[in-house]
Amino acid sequence: MAMKVDMSALETNFSIPCLDDGDGMHLSADSPDVPSMVLPTCADFDGFQAATKDMVKNKRGTTTLAFIFDKGVIVAADSRASMGGYISSQTVRKIIEINPYMLGTMAGGAADCQFWHRNLGNKCRLHELSNKRRISIAGASKLLANILYSYRGMGLSIGTMIAGFDEKGPGLYYVDSEGARLVGNRFSVGSGSLYAYGILDEGYRFNMSVEEAAELARRAIYGATFRDAASGGCVSVYHVGPDGWKKLSGDDVGELHYHYYPVQKTPVEQEMTDAPSTSA
Amino acid sequence: MSRRGDWVYENNGGTCVAIAGADYCVVAADTRLSVGYSILTRDHSKICDLADKCVLASSGFQGDIKALHKNLAARELLYQHQHNKRMSCPAMAQLLSNTLYYKRFFPYYAFNVLGGLDSEGKGCVFTYDAVGSYERTGYSAQGTGSTLIMPVLDNQLKSPSPLLLPARDAVTPLSESEAVDLVKDVFASATERDIYTGDKLEIVVINKAGTTREYIELRKD
């Protein structure tokens, strides 16, 4: 029989969702907020997890980046998902819209990122309802980091950036499945991040226009897709300002290449002519 | 597949494909059930009708798939009782994702393709990995023959990415009969080169009028 682990003791619930079904308010027994996951009963849990990881083939290459500048936050990502050497999708949404003023990026396990970002969005909404004000980026990233820390060592693979705009201005946090939570001005996550950092760090200035910042982000992701086999597809660039996020551009990387490096017509030295036909 | 004492999964093979059109959706799967180099049966359906406009095809470990289909069908019935209507395809898509993720540490060994019509009547296909990450696409193939079939579908059906801005129109230009013919062709090809795919092909077409089912013979070797 599979063991059901109830982790509600690790949760800090400001409010617990209630259902009104006519008998008056009472707590919902199967509240989606309580993370209780079925675990396999086996002698070697870690070994089983390692083997299932192989089966699920969760490897994903990615390039995502985000940086703060004077007009807010720019967030950009590619859109390729790979399982080992096979490209499972070229149209993955790696920038997740948590709410109208907060974005999360996806790197690592696709299902892990999708599920926990959706869960974070729910928690942020609950915070708004019970506190009558929006949650701060620091608070949201802390909620996520605490959840991920409680699953530390169990094989979750998440490297995400929480970017947004709150009362203190633009906010950017890096959160990962090891439990790290770092505040910063510039981050790039994924297998292509090294290439993206090269372009990003070189071109970054705090005072830029939104178009310049977007072009820097686009160029950095493009550079990463050029050199990293596991990154590709489309470059999506978002800007988060005081009024919330806005998608600025989505460009196919293949087309972007010829935009940056147009085909040069090489001068022809000598035209090839047909060989003279043999006379009878 | 018993490389460990407590390895509880096996792969029963098979391939599932789905194609979405402007007002139809085609979901197809072969009917071969294998274990190792043996065929257990030539007549096992991998397709489950979850709602009137929503059909799920899964390949992988049929024990987990049977449990998953039963679980989703029961949840859909509960939804009907509670909301007085059948579940829409996008709603079922998220339910399936959550169901798969709740077994994140002991996964369902199921590679799923969900197809149907959305609330506007347009075809939709959702493709999943084993732990619940999902994406709405125009077409998908999962299972042992998927690496043989996907390149062909990309060649015939690839449309501008939904991530492009300014958005470009991404409707599959094929008609319903053309899509069904394409599905028959890709399965015939996959059967040639994948030992786990063959025997019979079950094709389910969902459109405004309802759901129709068709069976095509495939190579049995």
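Residues numbered from 1 in each chain as written. Chains lettered and ligands numbered in written order. Predicted model: local features only at pLDDT ≥ 70, side-chain atom pairs only at ≥ 80, totals over all residues. Heavy atoms only, no water.

**Considering the overall build of chain A**
Assigned secondary structure in chain A consists of six helices and 16 strands. Considering only intrachain contacts with a sequence separation of at least 6, the fraction spanning at least 24 residues in chain A is 62%. (Helix = DSSP H or I, 4+ residues; strand = E, 2+ residues; numbered from the N terminus. Contact = heavy atoms within 4.5 Å.)

**Concerning the interface of chain B and chain A**
Across the contact, 34 residues belong to chain B and 44 residues belong to chain A. Taking both sides of the interface into account, the surface hidden between chain B and chain A amounts to around 3,500 Å²; carbon and sulfur atoms contribute 61%. The largest contributions to the chain B side of the interface with chain A come from B:Y101, B:F105 and B:L163, which together make up 26% of the buried area. Between the two partners, chain B and chain A, sit one salt bridge. Two residues, A:D112 and B:R104, come together in a salt bridge whose shortest N-O distance is 2.6 Å. Our count for the chain B to chain A interface comes out at 10 residue pairs in polar contact (both at pLDDT 80 or more). Counting residues per element, the side of chain B that touches chain A draws most heavily on helix α2 (residues 89-101) of chain B, which supplies four residues. In terms of residue class, the side of chain B that touches chain A is made up of 18 nonpolar, eight polar and eight charged. (Buried area = accessible area lost by both parts, 1.4 Å probe. Salt bridge = Lys/Arg side-chain N within 4 Å of Asp/Glu carboxyl O. Polar contact = N/O pair within 3.5 Å; in protein donor to acceptor, adjacent residues only side chain to side chain. Nonpolar A, V, L, I, M, F, W, Y, C, P; charged D, E, K, R; others polar.)

**Some thoughts on the pairing of strand β12 (residues 210-217) of chain B**
Remember that side chains alternate between the two faces of the sheet whenever the strand is regular. All names here are of chain B. Here strand β11 (residues 200-207) pairs with β12 via eight bridges, running antiparallel. Bridge pairing in β12 places I203 opposite E214. Hairpin connection between β11 and β12: a loop of two residues separates the two successive antiparallel strands. (Pairing = 2+ DSSP bridges.)

**Notes on the nonpolar core**
Formed by 35 residues in total, the largest nonpolar core has its most connected members in A:M102, A:W116, A:L120, A:Y151 and A:I162. Considering every element that reaches this core, the biggest residue donor is helix α3 (residues 137-150) of chain A, with eight residues. (Core = buried A, V, L, I, M, F, W, Y, C linked by side-chain atoms within 4.5 Å. Buried < 20%, exposed > 50% of the residue type's maximum accessible area, 1.4 Å probe, protein only.)

**So, α3(A)**
All names here are of chain A. Its 14 residues place the ends of α3 20 Å apart at the C-alpha level, agreeing with the 20 Å of an ideal helix rising 1.5 Å per residue. Within the sequence span of α3, burial applies to I137, A138, A140, S141, L143, L144, A145, I147 and L148. Residues of α3 that are buried sit in contact with β10 (102-105), α2 (110-131), β11 (159-166), β12 (169-176) and β13 (181-183). (Expected span 1.5 Å × (residues − 1).)

**What about the pattern of salt bridges?**
This structure, assessed with the given rule, holds 21 salt bridges over all chains. B:D199 is paired through a salt bridge with B:R32; the nearest N and O atoms lie 2.8 Å apart. Of this pair, B:D199 sits in the loop between α4 (176-193) and β11 while B:R32 sits in the loop between β2 (24-30) and β3 (33-35), placing them 167 residues apart in sequence. Assigned by exposure class, B:D199 and B:R32 land together as buried. B:R213 is the partner of B:D49 in a salt bridge, and the nearest nitrogen-oxygen pair spans 3.3 Å. In this pair, B:D49 is assigned in strand β5 (residues 47-51) and B:R213 in strand β12, connecting sequence segments 164 residues apart. Classification of B:D49 by relative accessible area gives partly exposed; the value is 39%. Several salt bridges share partner residues, and in doing so they unite A:E215, A:R218 and A:D251 into one network.

**Things to note about the confidence of the model for chain B**
Residues and elements named next belong to chain B. Taken over all residues, the pLDDT of chain B has a mean of 92, while the share at 70 or more is 96%. Of all the helices and strands in chain B, strand β9 (residues 134-137) carries the lowest mean pLDDT, 92, while β2 carries the highest, 97. Per the prediction output, this complex has pTM 0.84; the corresponding ipTM is 0.90. (pLDDT = per-residue confidence, 0-100.)

**Quick look at the packing of aromatic side chains**
One pass over the full model with this rule turns up 20 aromatic pairs over all chains. Centroid distance B:Y9 to B:Y109: 5.7 Å. Interplanar angle 80 degrees. Geometry classified as edge-to-face. Highlighted residues: B:Y9 in the segment before β1 (15-20) and B:Y109 in the loop between α2 and β7 (110-117), separated in sequence by 100 residues. Of the aromatic side chains, those joined through ring pairs into one cluster are A:F115, A:W116, A:Y151, B:Y101, B:Y102 and B:F105. The side chain of A:R219 reaches across the aromatic face of A:Y260, ending 4.1 Å from its centre. Here the guanidinium or amino end of B:K103 rests over the ring plane of B:Y108, the centre of that ring lying 5.2 Å away. (Phe/Tyr/Trp six-rings, centres within 6.5 Å; stacked < 30°, edge-to-face > 60°. Lys NZ or Arg CZ within 6 Å of the ring centre and 35° of its normal.)

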